[in-house]
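Here's the letter readout for the chains.
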Amino acid sequence: MTQLLQTLLSGLTTGAIYGLIALGFTIVFNATKVTNFANGDFVMMGGVVCAGLVTLAHWPLLLAVPATIVGVTALGAALDVFGIQRARRKTVLSLAMITIGFSVLYRGLMQVLVGRDVMFAPSFGIIPDIRTAELYVGSQSLWILLALGLISGGLSYLFLKTRLGKAMRAASQSPRAAALCGIDPRLMSIASFAMAAAVGAIAGALIAPIGAAFYDYGLVFGLKGFAAAVLGGFGSPVGAVVGGLLLGLMESISAGYLASAYKDAVALAILLGLLLVWPSGLFGRVEARRV
Amino acid sequence: MQVIRRLKRLADGWKRPIASDAVQIEDDRAFLGNSMMLVQVRHAAGVAAAAALLLALPAQAEEEPIKIGAVLALTGPAGVYGAPAAQGLRVALDDLPGKLVAGRPYKLTIYDSEGNSTKAVQLFRRLVDSNGVDVIVGPSTSGESLSVVPVANQLKVSMLSGGGSEKITNPVTPYAFALAPTDRLMVEFLLGVLKKRGLNRVALIFSMDGFGQSGGTIVQELAAAAGIELVATETFSPQDTSMTPQLIRIREKNPDAVIAWAPNPGPSILLKNAAEIGYKVPVFLSTANALASFTKQTGPAAEGVYASALPIINPASLPDSDPRKAPSVKFADAYQARYGVPPDQTSGLTLDAVLIIEAAAKAITGPITPDKLRAAIETVRICGADGCRVGTPSDHRGLTKDSLVLMQVQNGQWTTVQP
């Protein structure tokens, strides 16, 4: 029983990370209808910059984390300003290509700026570890779960209740109509990329102490987060969180109870199966169009 | 700044006529490939020799340098192996009397493979095709080495791999040699230690990459014969951020010890996870993890972990009668003086590489060719960082189990302990 619980707890932590990454996809998709393939690299940069500042430049963590968030947010906004906004033809494919291009750019940037070594950042601390007789929840895991709760709650509030959130959604549904109502779709687009980058930076900084930070990890983060977002229903913040947690749990259970060699395959096979039953994901709205 | 300077040099290089400065062009061309870290020409008159080389004057044959190439993972996840190896190579070569290899000048070219197999193969080809090297040190890791073996045999240039996978030299191929003790040797050694300590029920966990899978398979193959019962076998992906589920599964089987077979940073994360869930069990690692950077990355969670290792980490502790002691201590002192840190096993391996090349070159009369060098390396006998090597045509590694020692992390340092 405790074995199952500990396995599930480990899965929840991994899943929370996937959830945070999936939230990044959701924010950008909700505001621009763009699938941002550089999203995994926001997370990677969060980890690499934070670990680099702490281990190489010897900054205190209290300073390194905010600096990381600010820096990565700026880089995320740059993707929109210098990439998405400048696209001559804004088709789904060309915009996705731009994000892939920036993903490669970010990877190169981190290699040059921070270096090509695997790094670990120190644990955040403050929150104590929870250790009962048989059960353990690490302080860093609690940080991750806490961050997921706060960020997803905040985003839900933002998108559903605030003027800014409503404006962002409006701009994505019909940029022209939104513009006629006095919403600047460009501003909304920049805001969404900056927010996704900030969330990614937080996720990356949170993972750096327990996993490793390395310039090449963005692709795996992006893939897992994308799968989580699809599982939850692309575009739904609640779905992103639930999808991420589910994916983490599936991986953890298949590593702990089935064969650990096939845990990624098992998780993705289950994902495929679920999508066959619910093609739009768990919380996705079925898009119907009148013809 | 360095990048800009290099770009500028590159631009200048293009403007110049190609034959005027062979060395410069070579440097720039290498930079184009973005993998070149350093080209060092340690020659009394490097440019002149390179020019003479281009003309291939037979009268100057005696002056022709031995061209040593190296494909090492200077950066990337395997950078902890490759970067010290490059430093070790330089120290070992500078250590030679008069900075001559067997009385001949040498030229060293090092490329960075980033631990990437595809890149390692490309760079190996480049060293042979463009740099015309006689012998190549590297690649650093088993995965890269296994990809390079067929290329070495095709291009007919010897490789001295730093990889521990036995598949590199078994089956024996003409041009593939290896420096590190095989995973089979390490496994035999570790299983012997476990048996001796009465740790009979053992769990195995390994990574799903070349190094992990090779070692993991050998443990499964040899355990029964050594009288060790494998109660659990787990794996993880090289980029996993948590191995807690696997550890929990292992803990449920309650083994006496855990063998973890993976390159860094896998075992770092594994030990951290074990500390988190409060799981205390003796963990035994492979030689690949017995590095100073490993204890730094893992922190307090590394305390008490064991690894099969080579004495180069602490050669002074060897008895004076040991033939390994003299060259290893000399190398360790020179390395410490130059880089401020003691050498580790990967830098120690390059000492052996240089000793092998030197001994082989001594056995050759007339100009050195890759083929002559290969034949000489095959029967070379040296005592270096990992024991006394007896090369034969049927054994391209020439090491025994005696070359290994058991080390444990005590107070954040790898320390030799009784097996």
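From a predicted model like this one, the values you see are computed outputs, not experimental measurements. (Residues numbered from 1 in each chain as written. Chains lettered and ligands numbered in written order. Predicted model: local features only at pLDDT ≥ 70, side-chain atom pairs only at ≥ 80, totals over all residues. Heavy atoms only, no water.)

Visitor: What exactly am I supposed to notice about the nonpolar core here?
Guide: Side chains that are nonpolar tend, in soluble globular proteins, to be buried together. All names here are of chain B. One finds I68, L160, L194, F284 and W414 to be the most contacted residues of the largest nonpolar core, which totals 186 residues. Setting aside chain neighbours within four positions, we find L194 in contact with L199, V202, I228, A257, I259 and F284. Residues V128, V133, M159 and A176 belong to the second largest nonpolar core, which totals 20 residues. (Core = buried A, V, L, I, M, F, W, Y, C linked by side-chain atoms within 4.5 Å. Buried < 20%, exposed > 50% of the residue type's maximum accessible area, 1.4 Å probe, protein only. Contact = heavy atoms within 4.5 Å.)

Visitor: I keep staring at the pattern of salt bridges and nothing clicks. Help me out?
Guide: If charged atoms from side chains of opposite charge come close, those side chains can pair. Tallying each qualifying case throughout the model produces 14 salt bridges over all chains. A salt bridge links D352 of chain B to R389 of chain B; the shortest N-O distance between them is 3.0 Å. With D352 of chain B in helix α13 (residues 345-362) and R389 of chain B in strand β13 (residues 387-390), this pair connects stretches of sequence that are 37 residues apart. A single salt-bridge network, built from bridges that share partners, covers K224, E251, K263 and D264 of chain A together with D240 of chain B. (Salt bridge = Lys/Arg side-chain N within 4 Å of Asp/Glu carboxyl O. Helix = DSSP H or I, 4+ residues; strand = E, 2+ residues; numbered from the N terminus.)

Visitor: Hey, could you run me through the environment of P105 of chain B in this one?
Guide: Turning to its location among the elements, P105 of chain B is positioned in the loop between α4 (79-95) and β3 (106-112). Residues P105 of chain B and K67 of chain B, 38 residues apart in the sequence, show an inter-C-alpha distance of 8.9 Å.

Visitor: Looking at this structure, how should I read the pairing of strand β12 (residues 381-384) of chain B?
Guide: Successive side chains on a regular strand alternate, one facing one side of the sheet and the next facing the other. All names here are of chain B. Only one face of β12 is covered, namely the face carrying I382 and G384; the face carrying R381 and C383 is uncovered. Relative to β13, β12 runs antiparallel, the two being bridged by four bridges. Residue pairing for β13: G384 is matched across the bridge by G387. Joining the antiparallel neighbours β12 and β13 is a turn of two residues. (Pairing = 2+ DSSP bridges.)

Visitor: What is the right way to look at the UniProt feature "domain: Leucine-binding protein" (unreviewed entry) in chain B in this model?
Guide: Within the UniProt annotation, "domain: Leucine-binding protein" (unreviewed entry) is assigned to residues 65-412 of chain B. A helix fraction of 41% and a strand fraction of 19% characterise residues 65-412 of chain B, whose end C-alpha atoms lie 43 Å from each other. (UniProt positions renumbered as here; feature names shortened; annotations may be inferred.)

Visitor: How do you make sense of the packing of aromatic side chains when you look at a structure like this?
Guide: To describe a pair of aromatic rings, you give the distance between the ring centres and the angle between the ring planes. In total, this model carries 15 aromatic pairs over all chains according to the counting rule given. Taken together, a centroid distance of 6.4 Å and an interplanar angle of 90 degrees make the contact between Y217 of chain A and F221 of chain A edge-to-face. Of the two residues examined, Y217 of chain A and F221 of chain A, each falls in the buried class. Sitting over the face of the ring of Y111 of chain B, R126 of chain B holds its NZ or CZ atom 4.8 Å from the ring centroid. Its guanidinium or amino end placed over the ring of Y175 of chain B, R374 of chain B lies 5.5 Å from that ring's centre, counting from NZ or CZ. (Phe/Tyr/Trp six-rings, centres within 6.5 Å; stacked < 30°, edge-to-face > 60°. Lys NZ or Arg CZ within 6 Å of the ring centre and 35° of its normal.)

Visitor: Could you clarify how one ought to interpret the side chain of K263 of chain A in this entry?
Guide: Mapped onto the elements of the fold, K263 of chain A is located in helix α11 (residues 263-277). The class of K263 of chain A is buried, set by a relative accessible area of 5%. If we skip the residues at most four places from it in the chain, K263 of chain A touches E251, S254 and A255 of chain A together with S237, D240 and Q246 of chain B.

Visitor: Can you help me understand the packing of helix α1 (residues 2-32) of chain A against helix α9 (residues 244-253) of chain B in this one?
Guide: The angle between the axes and the distance between the axes are what describe a pair of packed helices. Following both chains from N to C, one finds α1 of chain A and α9 of chain B inclined at 165 degrees, their axes separated by 9 Å at the closest point. One way to sum up the angle between α1 of chain A and α9 of chain B is to call them roughly antiparallel. Seen along the crossing, α1 of chain A lies across α9 of chain B with a hand that is right-handed. Across the interface between the two elements, Q3, Q6, T7 and S10 of chain A from α1 of chain A touch T244, P245, I248, R249 and E252 of chain B from α9 of chain B. Each residue belonging to the contact of α1 of chain A with α9 of chain B can be placed in one class, and the counts come to two nonpolar, five polar and two charged. (Axes fitted to C-alpha atoms, helices over the stretch in contact; angles between N-to-C directions. Parallel < 35°, antiparallel > 145°, perpendicular 65-115°, else oblique. Left-handed = near helix turned anticlockwise from the far one by under 90°. Nonpolar A, V, L, I, M, F, W, Y, C, P; charged D, E, K, R; others polar.)

Visitor: What's the story with the sheet that holds strand β7 (residues 201-207) of chain B in this structure? I'm lost.
Guide: Remark on secondary structure: sheet strands pair via backbone hydrogen bonds, oriented parallel or antiparallel. Residues and elements named next belong to chain B. Taken in spatial order, the seven strands line up as β8-β7-β9-β10-β11-β14-β15 in an open sheet, and their pairing is mixed. Each of the sheet's edge strands pairs with one partner strand only, and the pair in question is β8 (229-236) and β15 (413-417). Each strand of the sheet is rotated relative to its neighbour by a mean of 30 degrees, with strand direction disregarded. When β7 meets strand β9 (residues 257-261), the two strands line up parallel, connected through five bridges.

Visitor: Sorry if this is basic, but what is going on with the confidence of the model for chain B here?
Guide: Close reading of the predicted structure is inappropriate where its pLDDT is low. Residues and elements named next belong to chain B. Averaged over every residue, the pLDDT of chain B is 81; the share at 70 or more is 85%. In this model residues 13-46 is a low-confidence stretch, pLDDT under 50, and it forms 61 contacts with partners more than four residues away in sequence or in other chains. Note on residues 52-61: pLDDT under 50 across the span, and six contacts to partners over four residues away in sequence or across chains. Across the interface, the model reports ipTM at 0.76; the global pTM reads 0.72. (pLDDT = per-residue confidence, 0-100.)

Visitor: I tried to follow the environment of R249 of chain B on my own but got confused; where do I start?
Guide: Residue and element names in this part refer to chain B. Of note, R249 is situated in helix α9. Residue R249 is classed as buried on the basis of its relative accessible area, which comes to 18%. For the pair R249 and Y111, spaced 138 residues apart in sequence, the C-alpha separation works out to 42 Å.

Visitor: It is not clear to me how the pairing of β9 of chain B should be interpreted in this structure. Could you clarify?
Guide: Residue and element names in this part refer to chain B. A large share of β9 lies buried, amounting to five of its five residues. Judged by which residues are buried, β9 turns out to be covered on both faces: A257, I259 and W261 on one side and V258 and A260 on the other are all buried. Inspection of the sheet shows β9 paired to strand β10 (residues 283-285) by three bridges, in the parallel sense. Counterpart to A260 in the pairing with β10 is L285. Handedness of the crossover joining β9 and β10 through helix α10 (residues 266-276): right-handed. (Right-handed = clockwise from strand over helix to strand, strands pointing away.)

Visitor: Sorry if this is basic, but what is going on with the interface of chain A and chain B here?
Guide: Interface size, as often reported, equals the accessible area lost upon joining of the parts. Counting residues at the interface gives 32 residues for chain A, matched by 30 residues for chain B. Interface area for chain A against chain B, summed over the two sides, is near 2,600 Å², with a carbon-plus-sulfur share of 52%. Summed over the three residues of chain A that lose the most area to chain B, namely Q3, R116 and F120 of chain A, the buried surface amounts to 22% of that side. For the pair chain A and chain B, the interface holds one salt bridge. A salt bridge links K263 of chain A to D240 of chain B; the nearest nitrogen and oxygen atoms lie 3.0 Å apart. For the pair chain A and chain B, the interface holds three residue pairs in polar contact (both at pLDDT 80 or more). Secondary-structure elements contributing two or more residues to the side of chain A that touches chain B are α1, α10 (237-257) and α11 of chain A. Considering each element in turn, the side of chain A that touches chain B owes the most residues, five residues, to α1 of chain A. Here the side of chain A that touches chain B is composed, by residue class, of 16 nonpolar, nine polar and seven charged. (Buried area = accessible area lost by both parts, 1.4 Å probe. Polar contact = N/O pair within 3.5 Å; in protein donor to acceptor, adjacent residues only side chain to side chain.)

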